[in-house]
Amino acid sequence: MDKTLFNEGWEFQKGDSSKVFSPSSEWRSVQLPHDWSIEGPFDSKWASGTGFLPAGIAWYQKSFDVTDYDPEKTYAIYFDGVYKNSEVWINDHYLGKRPNGTIPFQYDLTPYLKAKGNEIKVKVDHTQYADSRYYTGSGIYRNVYLLKQDPVHFAQWGVFFTTPEVSSEESKAQVSVEVRNETEEIVKSFIKAQLIDANGQTVATSEKPLSLRPKKQNYIELGFNVPKPQLWSPADPNLYELKVSITKESETVADTWNEKVGFRTFRFDANKGFFLNGENMLIKGVCIHHDAGALGAAVPEAVWRERFQTLKNLGANAIRMSHYPHQDYIYDLADEFGFLVQDEAFDEWEFGKNKWITGWNVGTPGNDGSHEDFAEWGAKDVQDMIRRNRNHTSIIMWSVGNEIDYPNDPYSHPVLDEGRNPQIYGKGYNPNNPPASQLGKLANELVKAAKMFDTTRAVTAALAGVTMSNHTIYPEVLDIVGYNYQEFRYEEDHKAFPDRVIYGSENGDALEAWYAVKNNDYISSQFLWTAFDFIGEAREWPNRSSGAGIIDLAGKPKPDFYFRQSLWSEKPMVYFGITDSEKNVNRRRGLENNWIGEPGKSKWVAVYSNAEEVELFLNGKSLGKKEIKYTTESMPGWEVPFTEGKLEAKAFNDGKEVANYQLNTPGEVKKIQIKSSRDSYSEENEVVILDLSLTDKKGNRVFDQDAEFSFKIDGPARVLALESGDRDSHESYRSSKIKTYKGQLRAYIEVNDDAEAPVKIEITSEKFGKEKVTIKKIQN
């Protein structure tokens, strides 16, 4: 298969067809992936749920010639995701529509394609701007590929790798293959599968003949044994290359398939939790959305790579793809980094959930959303999610829905008039709402659809109204049952349903929520809401983003990141944050990462560490050593009268210092400190991340002297986006200037030409002067 990125050379214009295709229309060039909503502007007339950003209707078009066009080959176009209601034409021939904006799809171009002078058009209809509880983005916001294949080729997602038996001594692998024969005759072929290790050595091979029926889908299974395989785990994410080929009787290779795969075995136990490769393991998970602040939903792989490294540093070992399938490359990264993954299909089924417009839990919500297409597309969307991703070693479960059972949103049940119902909106039974009994029926249909294409993983859902769902068959039709914010139900439900596998599928940051996992063998996981701040699910204007993350929009850890790190990471660490009361220390709220204040006035120092003891020093003088012990009532802290200087914490195990952390009272801004993710580039489309900090002459960050900075580039690059982390800022994300927030900002620079010239970046502030950064070109 010749699969090439098809992201260059597109044009874009907002508006319906009467405007876009009028003689006076003005198209502008864009490079995919492209999210037009993030271009703004922010405005209170839009919806808080989707970040007060615009939506609407837009068109994309591209004129192109086919390099080395071969009329004997087949051609297809593959979209990894278009939000939403996309419709596609090639040379004025209508190819189809896909309502769901997060599901990949593919169209055959062969009957209509020419060697030269082709034109493809894509209409995107996101008129329902308040169609989600979180930011979706708009447009062709994921990769597009052009496929060139022999008439005899693998079907779309036509190779499925499974490992029926896994052990460190020997493992068995099976490769199920689907082959299309688009010719008019039977074609005799050989299907060959090879497994290649990290050193490039072929460790297993299997080959079988297959007579391919014309105009049909043809199936075959290959198997092989692998002695002493390198097992995949979060600690050692060992991967192999799977190479499958179709060779015709003429010895011509018709098609090849290459993909990374791995060996691991896992299981969930109702009493003992989760086991990976035979070892009991706590799943330390985080939930993520697909956006990344200023980049919107069109996020380069390099940015998520950096984000995943931050999550590794946190001590996390799992990711929940909430609440929809994510970008194609993000699953490759999960395999590579060693994250266990829950892949999720939907946030709603047949009825629309409440979508907040004025602000979260404020005013009257709307109900637009993906539910309108569920009856026709729901089962296929689940199956396409699974078929695309089922070879990813990292994935351990498929979720068919998030909080579909949220009480009275819209499903209801008489039990809501009884007992404990902690939900916020619409308490009490509402007989006019759809009955909760419908949940089990729909879930059963989705589970069956999922298991048609994968029976090696558990099918699950994240339940928000367990009180209600326990009176239906909904939990019973699932293999394992996710509980969102329902820790208080763990014990009684484990007793009431002893065969049910219960796990935390979405959880708050409270210490007791983690102890509910750590102290109960039958609970295997926590998926923290959320890893990163994200656009949307906002409060009232001017707020336009959620602050639920432990990492901000600019990728910078917040104080609570280090609290979580002290619980999850095995690497010794210590951190402290500053607040104004013992209550805030115990509640872990209102912490700042700076040592400033009024002389003599008390400050409270909240300390997080996974070491046994921590000693605090102010200007070299010990303020005492304390045992590090967390309880739900109190957290480690010191009351310290403020004195300018150096505040330092040292962590000890068995009396030996294992980690330290310090803050210094900053002076006036004297430096613009810039950290670059790289100092060279080798090819087009590489992304450089620049982090700017305002510091005093000693390099201490200054929080309270923010200033606006402009970016000017000389060379083959562009400013992709600028982000400060300020969730209330309405600055344009596509401007070349931005104001720092608490002394920091981040710039994403994209190399847009494979030239030999260096990229020179000039960063200027009227208040603090200028700095220059040069990114050199690596000479081949």
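A brief look at the structure comes next. Because the structure is predicted, anything quoted here is derived from the model rather than measured. (Residues numbered from 1 in each chain as written. Predicted model: local features only at pLDDT ≥ 70, side-chain atom pairs only at ≥ 80, totals over all residues. Heavy atoms only, no water.)

Across its full length, the protein carries 11 helices and 46 strands. For 780 residues, the compact-globule formula gives about 28 Å, and the C-alpha radius of gyration of the protein, at 27 Å, lands near that figure. Its C-alpha atoms give the protein principal-axis dimensions of roughly 90 × 65 × 60 Å. Counting across all 780 residues of the protein, residues that qualify as buried make up 58%. At a minimum sequence separation of 6, the contacts of the protein that also span at least 24 residues come to 67%. Carbon and sulfur atoms make up 45% of the accessible area of the protein, which amounts to about 31700 Å² in all. In the protein, 93 side chains carry a positive charge and 116 a negative one; their mean positions are 3 Å apart. (Helix = DSSP H or I, 4+ residues; strand = E, 2+ residues; numbered from the N terminus. Rg over C-alpha atoms; globule rule 2.2 N^0.38 Å. Buried < 20%, exposed > 50% of the residue type's maximum accessible area, 1.4 Å probe, protein only. Contact = heavy atoms within 4.5 Å. Areas by Shrake-Rupley, 256 points an atom, 1.4 Å probe, with all protein chains shown as cover. Lys, Arg positive; Asp, Glu negative; His and termini not counted. Charge placed at Lys NZ, Arg CZ, Asp CG, Glu CD.)

As a further point, take helix H2 (residues 301-314). The terminal C-alpha atoms of H2, which comprises 14 residues, lie 20 Å apart, in line with the 20 Å expected from a rise of 1.5 Å per residue. Every buried residue of H2 is listed here: Val 303, Trp 304, Arg 307, Phe 308, Thr 310, Leu 311 and Leu 314. Looking straight down H2, one finds that the buried residues subtend no more than 155° of arc, so they occupy a single side. The elements touched by buried residues of H2 are strand S21 (283-288), strand S22 (318-321), helix H3 (328-337), helix H10 (559-568), strand S40 (687-695) and strand S44 (744-751). Two residues or fewer after H2 comes Gly 315, characterised by a positive phi angle close to 105°. (Expected span 1.5 Å × (residues − 1). Arc of directions from axis to C-beta.)

Taken as a whole, this structure holds 43 aromatic pairs when the rule is applied. Arranged with centres 6.5 Å apart and planes meeting at 15°, the rings of Tyr 575 and Tyr 608 form a pair that is stacked. Of this pair, Tyr 575 sits in strand S31 (residues 574-579) while Tyr 608 sits in strand S32 (residues 602-609); the two residues are 33 residues apart in sequence, bridging distant segments of the chain. Tyr 608 gets classed as buried once you look at its relative accessible area, which sits at 1%. Members of the aromatic cluster, connected to one another through ring pairs, are Phe 561, Tyr 562, Phe 563, Tyr 575, Phe 576, Tyr 608, Tyr 630 and Tyr 661. Across the ring face of Tyr 145, the terminal group of Lys 3 is positioned such that the distance to the ring centre comes to 4.5 Å. It is Arg 390 that lies over the ring of Phe 160; its NZ or CZ is 4.3 Å from the centre. (Phe/Tyr/Trp six-rings, centres within 6.5 Å; stacked < 30°, edge-to-face > 60°. Lys NZ or Arg CZ within 6 Å of the ring centre and 35° of its normal.)

Right, let's get into the environment of Glu 87. For Glu 87, the position within the fold is in strand S6 (residues 86-90). A sequence separation of 374 residues divides Glu 87 from Ala 461, and the C-alpha atoms of the two residues are 30 Å apart. For Glu 87, the residues in contact, after removing those within four places along its chain, are Tyr 94, Gly 96, Lys 97, Lys 121, Val 122 and Lys 123.

Taken together, the three strands give an open sheet; going across it, the order is S11-S12-S15, and neighbouring strands pair in antiparallel fashion. Two strands lie at the open edges of the sheet, namely strand S11 (152-165) and strand S15 (216-227), each paired on one side alone. Direction aside, the axes of adjacent strands within the sheet are offset by 20° on average. (Pairing = 2+ DSSP bridges. Axes fitted to C-alpha atoms, helices over the stretch in contact; angles between N-to-C directions.)

Further remarks concern the pairing of strand S10 (residues 144-149). With six of its six residues buried, S10 lies for the most part within the structure. Where burial is concerned, the two faces of S10 agree: the one with Val 144, Leu 146 and Lys 148 and the one with Tyr 145, Leu 147 and Gln 149 are both buried. The pairing of strand S1 (residues 2-5) with S10 spans four bridges and is antiparallel. Bridged to Asp 2 within S10 is Lys 148. In terms of strand pairing, strand S5 (residues 74-79) meets S10 through six bridges, oriented antiparallel. Bridge pairing links Ile 77 to Leu 146 in S10.

This brings us to the side chain of Glu 506. Topologically, Glu 506 is positioned in strand S27 (residues 502-506). Polar contacts involving the side chain of Glu 506 include one to the side chain of Arg 320, which spans 2.7 Å. A polar atom in the side chain of Glu 506 sits 2.7 Å from the side chain of Tyr 485. When neighbours within four sequence positions are excluded, Glu 506 is seen to be in contact with Cys 287, Arg 320, His 323, Asn 402, Glu 403, Tyr 483, Asn 484, Tyr 485, Phe 527 and Trp 529. (Polar contact = N/O pair within 3.5 Å; in protein donor to acceptor, adjacent residues only side chain to side chain.)

An ideal rise of 1.5 Å per residue puts 21 Å on 15 residues; helix H5 (residues 437-451) measures up with 22 Å between its terminal C-alpha atoms. Contacts made by the buried residues of H5 are with helix H4 (374-389), strand S24 (395-402), strand S25 (458-463), helix H6 (466-469) and helix H7 (474-477).

Between H2 and H3, the least distance of the axes is 10 Å, while the angle of their chain directions is 35°. Crossing angle aside, the handedness with which H2 passes H3 is right-handed. Across from Glu 301, Trp 304, Arg 305, Phe 308, Gln 309 and Lys 312 in H2, the residues of H3 making contact are Tyr 329, Ile 330, Leu 333, Ala 334, Glu 336 and Phe 337. (Left-handed = near helix turned anticlockwise from the far one by under 90°.)

So, on to the sheet that holds S25. With parallel pairing, eight strands are arranged side by side in an open sheet as S27-S26-S25-S24-S23-S22-S21-S28. The sheet terminates laterally at S27 and strand S28 (525-528), the two strands that pair on one side only. On average, each strand axis in the sheet is tilted by 30° relative to the strand beside it, whichever way the strands run. Where S25 lies against strand S26 (residues 481-484), two bridges are found, and the strand directions are parallel. Bridge assignment links Leu 463 to a residue of S26, and that residue is Tyr 483. Of the strands in this sheet, strand S23 (340-344) and S24 are in contact with H4, which crosses S24 at around 165°.

All right, on to the environment of Glu 350 then. In this fold, Glu 350 is placed in the loop between S23 and H4. Between the C-alpha atom of Glu 350 and that of His 371, which follows or precedes it by 21 residues, the distance is 4.8 Å. With near-sequence residues (within four places) excluded, Glu 350 lies in contact with His 371, Phe 374, Tyr 411, Gln 438 and Leu 442.

Another aspect to go through is a negative patch on the surface. Residues Glu 8, Glu 683, Glu 684 and Asp 753 make up a contiguous surface patch of negative charge. Its location among the elements puts Asp 753 in the loop between S44 and strand S45 (759-765). Of the residues examined, Asp 753 reaches a relative accessible area of 40% and is grouped as partly exposed. (Patch = residues over 30% accessible without salt bridge, like charges linked within 9 Å, V, L, I, M, F, W, Y side chains within 5 Å. Salt bridge = Lys/Arg side-chain N within 4 Å of Asp/Glu carboxyl O.)

Following Ser 322, the chain continues into His 323 via a peptide bond in cis, with omega recorded as -15°. Within the fold, His 323 resides in the loop between S22 and H3. Of note in this structure, Asp 68 is not a glycine but carries a positive phi near 55°. As for its position among the elements, Asp 68 is in the loop between strand S4 (56-64) and S5. Although it is not a glycine, Arg 588 sits at a positive phi angle of roughly 55°. Along the chain, Arg 588 falls in the loop between helix H11 (582-587) and S32.

What follows is about the pairing of strand S37 (residues 656-664). The two faces of the sheet receive side chains in turn, since in a regular strand these alternate between them. Here strand S36 (residues 646-653) runs beside S37; their pairing, made up of eight bridges, is antiparallel. Pairing of Ala 651 across the sheet is with Ala 659, part of S37. Hairpin connection between S36 and S37: a loop of two residues separates the two successive antiparallel strands, and Asp 654 in this loop has a positive phi of roughly 50°.

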